[in-house]
Amino acid sequence: MLFDTHAHYYSNAYNEDREELLTSLPTQGVKLALTVGTNLYNSAYCISLAENFPHIYAACGIHPHWAAAQLPSFIDKLSPMLDHPKVKALGEIGLDYYYDDSPPRPVQQAVFRNQIELAQQKKLPIIVHDRDAHHDTLRILKEYPSVHGVVHCYSGSVEDAKTLIKQGYMLSFTGNITFKNARRALEVIEFLPMEFIMIETDAPYMAPTPYRGKRNHSGYVYYVAEKIAELKNLPVEDVIAITTENGKRLFQIED
Ligand code: NI
């Protein structure tokens, strides 16, 4: 059974059928899904979803896009949310230098650091977002050797992947590895031992081929497993079993 380790089920894209969709996941082969917050408000919503569905778990955190919108007291508000038994990680957090209207880099870095320190204190794994900020992301993660987690939707080099796994990070891959123009991530997967690989949808974004451009959901994480199976020359059932175990180990989820 599949574990979709990264989806955003607070999204408006699910307003019409959220309950029906989440209820149906086990019948689509998905045994676990982690819904990941990007600000305080939708992080709280992720917790309420996790409370309502036994197979849904939550992560809470401030995404770099929201870094400038936080009051100085955001850590005090985030901290108690992390004590909820179904919150399994602090995320998603990180750096995003892609968009011109992103918050200023020093602001993003400060919010990132504050949250890594909170994760260290809470002994929780972090879920890292890194878009066009590989150098600074790696540099900051190195400052906190006792913290571990996952770099989601991994888009870095093989060289950086080696550094990250040495430091205790997992790498997770989305539907974009099924796209025709995918190259770098495929090289990373070919190199990466299976024990460091997790799969995710990043739903509602990043729907895999043949659903590219449509709304994504956890049922489609199968296509990510299928692509990895092809690259690793393994039966897809093995990839599903291993990636599910990897996710359960990182997020400390028991059956
Ligand atoms: Ni995401």
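Notes on the structure in this doc start here.

Thresholds, definitions, all that
- Residues numbered from 1 in each chain as written.
- Predicted model: local features only at pLDDT ≥ 70, side-chain atom pairs only at ≥ 80, totals over all residues.
- Heavy atoms only, no water.
- Salt bridge = Lys/Arg side-chain N within 4 Å of Asp/Glu carboxyl O.
- Helix = DSSP H or I, 4+ residues; strand = E, 2+ residues; numbered from the N terminus.
- Buried < 20%, exposed > 50% of the residue type's maximum accessible area, 1.4 Å probe, protein only.
- Axes fitted to C-alpha atoms, helices over the stretch in contact; angles between N-to-C directions.
- Left-handed = near helix turned anticlockwise from the far one by under 90°.
- Contact = heavy atoms within 4.5 Å.
- Nonpolar A, V, L, I, M, F, W, Y, C, P; charged D, E, K, R; others polar.
- Donors = N, O, S within 2.8 Å, 3.2 Å for Na, K, Ca; no water.
- Tetrahedral: all angles 85-135°; square planar, octahedral: opposite > 155°, others 65-115°.
- 1 Å grid on protein atoms, 1.4 Å probe; cavity = no way out; pocket = protein on both sides within 12 Å on 5 of 7 lines; lining within 4 Å.
- Points joined across faces, edges and corners; volume = space filled by probe spheres on them.
- Pairing = 2+ DSSP bridges.
- Right-handed = clockwise from strand over helix to strand, strands pointing away.

Throughout the structure, instances matching the rule amount to seven salt bridges. Across the pair arginine 215 and aspartate 17 runs a salt bridge whose closest N-O atoms are separated by 2.9 Å. Within this pair, whereas arginine 215 is found in the loop between strand 8 (197-199) and helix 8 (221-232), its partner aspartate 17 is found in the loop between strand 1 (2-7) and helix 1 (18-24), the two being separated by 198 residues in sequence. Accessibility expressed as a relative area gives 21% for aspartate 17, which makes it partly exposed. Across the pair lysine 227 and glutamate 230 runs a salt bridge, and its minimum N-O distance is 3.4 Å. Highlighted residues: lysine 227 and glutamate 230, both in helix 8, separated by three residues, approximately one helical turn.

Their axes nearest at 11 Å, the elements helix 4 (residues 105-122) and helix 5 (residues 134-142) cross at an angle of 30 degrees. The two elements helix 4 and helix 5 meet at a crossing, and its hand is right-handed. For the pair helix 4 and helix 5, the contacting residues are Gln109, Phe112, Arg113 and Ile116 in the first and Asp136, Thr137, Arg139, Ile140 and Leu141 in the second. Broken down by class, the residue content of the contact of helix 4 with helix 5 amounts to four nonpolar, two polar and three charged.

Our focus in this paragraph is the coordination of the nickel ion. Coordination of the nickel ion by the protein involves His6 (NE2), His8 (NE2), Glu92 (OE) and Asp202 (OD), with metal-donor separations of 2.1 to 2.3 Å. What the four donor atoms of the nickel ion show is an angle range of 79 to 172 degrees at the metal, which sorts the shape as irregular. Linear spacing of the donor residues for the nickel ion on their chain is H-x1-H-x83-E-x109-D. Just as histidine 6 is buried, histidine 8 falls in that class too.

For the rest of this paragraph, the subject is empty space enclosed by the protein. Going through the model one piece at a time under the given rule, you end up with one cavity of 30 Å³ or more. Of the voids in this model, the largest cavity is the one considered here, and its volume is about 60 Å³. Surrounding the largest cavity, Asp130, His134, Thr137, Leu138, Leu141, Val151, Tyr154, Gly156, Asp160 and Leu164 form its lining. Secondary structure elements with two or more residues in the lining of the largest cavity: helix 5 and helix 6 (158-166). Broken down by element, the residue count for the lining of the largest cavity peaks at four residues, all from helix 5. Split by residue class, the lining of the largest cavity holds five nonpolar, three polar and two charged.

A few words on the pairing of strand 2 (residues 30-36). When you tally the buried positions in strand 2, you get six out of seven residues, the bulk of the element. Relative to strand 3 (residues 56-60), strand 2 runs parallel, the two sharing four bridges. By the bridge assignment, valine 36 is partnered in strand 3 with alanine 59. For the segment spanning strand 2, helix 2 (residues 40-52) and strand 3, crossover handedness is right-handed.

Below, the discussion takes up the environment of phenylalanine 179. Checked against the element boundaries, phenylalanine 179 lands in the loop between strand 7 (169-173) and helix 7 (184-191). For phenylalanine 179, a relative accessible area of 12% gives the class buried. Along the primary structure phenylalanine 179 and serine 43 are separated by 136 residues, whereas in three dimensions their C-alpha atoms are 30 Å apart. Residues in contact with phenylalanine 179, not counting those within four places in the same chain, are Ala207, Pro208, Thr209 and Arg212.

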